[in-house]
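# Chains, contacts and geometry: an overview
Now for the letters of each chain:
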Amino acid sequence: MARRNWMPRSIPARARLLAHLDENLKYYKDDLNISQDNLDRLHKCNLIFAYFIKNKKNVTSFLKAWNSYFNDLNEGKKGLSMDIIPTLADLGAAPEIVPSNIFGFIRQLRRTSMLQDKYTFGTGLALMFYGTEINFKKDAYKPTIKVIVRGNKIKIITSVIDVKIHHIYLKIGKSKSFVIGQTIVSASLEFTIPVNTKNVGIPVSIKLIGVIHSNEIGKHSDTVEILYRS
């Protein structure tokens, strides 16, 4: 099963990878033996990378306006209004600095994670540690799934490397069949179930299936069972 290079080349794609790992790697902390120091550093990397991407646009716009003003000042048409000198927008509070080579750090995190005994291919897919499958076969596709319950909120983490959209199927309480709960269009989704459990937990089974062009494809994921309280 050949796959393309996992590390994105474009800056926006690298930003999405950082944000995804910042949001989700903590849920694999114990399985992959990830230290809190590395999680904290990852969070700082995400913040400063996003800061520079956002403010690069501000700086680029400012320089364009600045050069236009200067050209008019130099030899512009007669009668142009020169009342407003371009100013740089507020860049916001600077995040905490991090060491250079952010994505060298991410590569090292990936390498050490893949050496852990509890690391699985499904974990790597969920964390975007693989590239897209070159000869993707829709019929053989099976989604990855990880479910975290916090209070009355259910968080699902899956992979969007090969398939971007998934249907969430739920079987609640004594129901004998699964029904579509929601559609997940990103690598993670947090939601609640509109039932009143009266402070008594009810069993809920959850599984996913991939969707391409509004059609379900491949196989269902493994089924995860939780105890849900509203």
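Since this is a predicted model, take the numbers as computed values, not measurements. (Residues numbered from 1 in each chain as written. Predicted model: local features only at pLDDT ≥ 70, side-chain atom pairs only at ≥ 80, totals over all residues. Heavy atoms only, no water.)

This paragraph deals with the pairing of strand S4 (residues 179-184). Sheet topology note: the strand S3 (residues 165-172)/S4 ladder contains 4 bridges and is antiparallel. Bridge pairing in S4 links His 166 to Ile 184. Here S3 folds back onto S4 in antiparallel fashion, the turn holding 6 residues, of which Gly 173 has a positive phi close to 60°. (Pairing = 2+ DSSP bridges. Helix = DSSP H or I, 4+ residues; strand = E, 2+ residues; numbered from the N terminus.)

By volume, the largest pocket amounts to about 480 Å³. Together, 19 residues line the largest pocket, and Pro 8, Ala 13, Met 128, Ile 161 and Lys 164 are the ones closest to its centre. Considering only enclosed or pocket space, the second largest pocket measures out at about 290 Å³ in volume. In terms of lining residues, the second largest pocket is bounded by 14 residues, among which Thr 120, Gly 122, Thr 123, Ile 145 and Lys 146 are the most central. It is helix H5 (residues 121-126) that contributes the most residues to the lining of the second largest pocket, 3 residues altogether. (1 Å grid on protein atoms, 1.4 Å probe; cavity = no way out; pocket = protein on both sides within 12 Å on 5 of 7 lines; lining within 4 Å. Points joined across faces, edges and corners; volume = space filled by probe spheres on them.)

Our focus in this paragraph is the packing of aromatic side chains. Applying the stated rule across the entire model yields 6 aromatic pairs. Ring geometry for Phe 49 against Phe 103: centres 5.4 Å apart, planes inclined by 75°, an arrangement best described as edge-to-face. Pair noted here: Phe 49 is in helix H3 (residues 36-75) and Phe 103 is in helix H4 (residues 102-114), with a separation of 54 residues, a long-range link. Exposure class is identical for Phe 49 and Phe 103. Each is buried. Ring centres of Tyr 51 and Phe 52 lie 5.8 Å apart, and the angle between their planes is 75°; on these two criteria the pair is classed as edge-to-face. Residue classification places Phe 52 among the exposed positions, given a relative accessible area of 56%. Directly above the aromatic system of Phe 103 lies the positively charged group of Arg 14, at a separation of 4.8 Å from the ring centroid. (Phe/Tyr/Trp six-rings, centres within 6.5 Å; stacked < 30°, edge-to-face > 60°. Buried < 20%, exposed > 50% of the residue type's maximum accessible area, 1.4 Å probe, protein only. Lys NZ or Arg CZ within 6 Å of the ring centre and 35° of its normal.)

Its 40 residues give H3 an end-to-end C-alpha distance of 58 Å, which sits within 8% of 58 Å, the value for a rise of 1.5 Å per residue. Within H3, the full set of buried residues consists of Leu 39, Leu 42, Cys 45, Asn 46, Ile 48, Phe 49, Tyr 51, Asn 55, Phe 62 and Tyr 69. If you follow the buried residues of H3, they end up packed against helix H1 (11-24), helix H2 (29-32) and H4. (Expected span 1.5 Å × (residues − 1). Contact = heavy atoms within 4.5 Å.)

Across the 11 residues of strand S6 (residues 202-212), 8 count as buried, placing the element largely inside the fold. Sheet analysis places S6 next to strand S8 (residues 224-228), joined by 5 bridges and oriented antiparallel. Its bridge partner being in S8, Ser 205 is matched across the sheet by Glu 225. Pairing between S6 and strand S7 (residues 215-217): 3 bridges, direction antiparallel. The partner of Val 211 across the bridge, within S7, is Glu 216.

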